[in-house]
Amino acid sequence: MEELEMKVTQVEQLIEDNNLLELAEYLNEQNISDVEELIDELPEHGALFLEILDLNRAVNVFRILDFPTQERIFKKLPANKVREILNVMPPDDRTSFLSESKGDVVKRLITLLTPDERKEALSLLGYPEDSVGRLMTPDYITVKQHWTITRILDHIRRYGSASETIDVLYVIDADGKLIDDIRIKDILLASPDAQVGDLIDNRMISLNANDPQEEAVTIFRMNNRVALPVIDEQGIMLGIVTIDDILWVANEEYTEDMQRFGGTEALDEPYLDVSIMHLVKKRAGWLIVLFLGQLLTASVISH
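First, a word on scope: everything that follows refers to the structure included in this document. Predicted model, so just to flag it, every value in this text is computed and none were measured.

Considerations on the layout of surface pockets
Approximately 370 Å³ is the volume attributed to the second largest pocket. Taken together, 15 residues make up the lining of the second largest pocket; nearest its centre are I182, R183, D186, N224 and R225. For the lining of the second largest pocket, the elements supplying multiple residues, two or more each, are β3 (178-183) and α12 (184-189).

Digging into the packing of helix α3 (residues 32-41) against helix α5 (residues 55-64)
Orientation of α3 relative to α5, taken along the N-to-C sense of each, is 65°, at an axis distance of 9 Å. Crossing of α3 over α5 shows right-handed handedness. In this structure, α3 uses I32, S33, V35, E36 and I39 to contact α5, whose residues at the interface are R57, N60, V61 and I64. A breakdown of the residues in the contact of α3 with α5 according to their chemical character gives five nonpolar, two polar and two charged.

Considerations on the sheet that holds strand β5 (residues 227-231)
Working definition: the strands of a sheet are paired by backbone hydrogen bonds and lie parallel or antiparallel to each other. Read across the sheet, three strands follow the order β4-β5-β6 without closing on themselves; strand pairing throughout is mixed. Since the sheet does not close on itself, it has two edges, and those belong to β4 (207-208) and β6 (237-242), each with one partner. Alignment of β4 against β5, held across two bridges, turns out to be parallel. For L207, the partnering residue across the bridge sits in β5 and is V230.

Side note on the environment of E164
Along the chain, E164 falls in the loop between α11 (149-159) and β2 (168-172). As a C-alpha pair, E164 and P90 span 74 residues in sequence and 7.8 Å in three-dimensional space. If we ignore the near neighbours within four places in the chain, the residues touching E164 are R63, P90, D92, T137, D139, I240, T242 and D244.

Conventions we followed
- Residues take numbers from 1 onward in each chain, read along the sequence in its written order.
- Local features in this predicted model are restricted to residues whose pLDDT is 70 or higher, and side-chain atom pairs enter the listing and the counts only when it is 80 or higher, whereas totals over whole chains, interfaces and linings include all residues.
- Calculation of side-chain values draws on the structure's entire complement of heavy atoms; hydrogens and water are dropped beforehand.
- Definitions used for this entry: grid spacing 1 Å over protein atoms alone; cavity, a set of points where a 1.4 Å probe fits but cannot get out; pocket, an open set with protein on both sides within 12 Å along at least 5 of 7 lines; lining residue, one with an atom within 4 Å of a point.
- Grid points are joined across faces, edges and corners, and a volume is the space filled by probe spheres set on the points.
- Secondary structure elements follow DSSP: runs of H or I of four or more residues count as helices, runs of E of two or more count as strands, with numbering from the N terminus.
- For every element, the axis is a line fit to its C-alpha atoms; helices are fit only across the contacting stretch, and the angle between N-to-C directions ranges from 0 to 180 degrees.
- Left-handed describes a crossing whose near helix is turned anticlockwise from the far helix by less than a right angle; the clockwise case is right-handed.
- Contacts are assigned to residue pairs that have any heavy atoms within 4.5 Å of one another.
- Classification used: nonpolar for Ala, Val, Leu, Ile, Met, Phe, Trp, Tyr, Cys and Pro, charged for Asp, Glu, Lys and Arg, polar for all others including Gly.
- Here, strands pair whenever DSSP counts at least two bridges between them.

Distances and angles like these do not, on their own, reveal function.
Below is the structure:
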């Protein structure tokens, strides 16, 4: 805590001196979690921090902020910076942000995307809310059964930097249907002349794009996987879901469960922005249940 206070003091001094160059250097040296803490401590400067950070670091910081903070920062950022961040964000994180935003905001943000990114975003947003399709990213590496290990490694060197993860590679046929997945460990330990078909074990686990996110949480919990492929009804591979997205969903589920245990229902927007009638609607049902439960308990005790 003392270290955080020192960082806050140093940042405030740099801002007061209008020394943005040194401030940018200082923020770029921090862990993204440290920058998140600084945004929490200095919310009025959150937009400034993201504006002067290196683009990739700005995106990584933005990804781990809660939605109300993301929304507040985007309202203050220049349009060109919003465009840069949106176009570099991983598709699953961008979809999560857009799905939380209001309709008119989504329309405006969609126009800031490049044609390819816009097509991708609209495709992901077409899946039902709380479905696996909303979590998946299309950034992954596929290989063919007849490829050798040498060719796979060349393929990874060429396209790996654009992939969400290279821990797992996905084997597809000529029609794009998913055949199996292969761990990078098996690739590295295999002979350079071996083919992908030699490594297939047919023990693949996949998700359907229309599956509920809660079901995906359960599948990840029961299997030791860092990512799982997502397919459609015909078995065509659409994307992957990674463990970080599943942990986020699991945390949201846990928070909602705790709120229900406390006699409340989860709010979908910042507490201070919620109307009185909406609060009553969210709370009244649970309070009535608790009240009836108390009457029943009191009746039992009195007898």
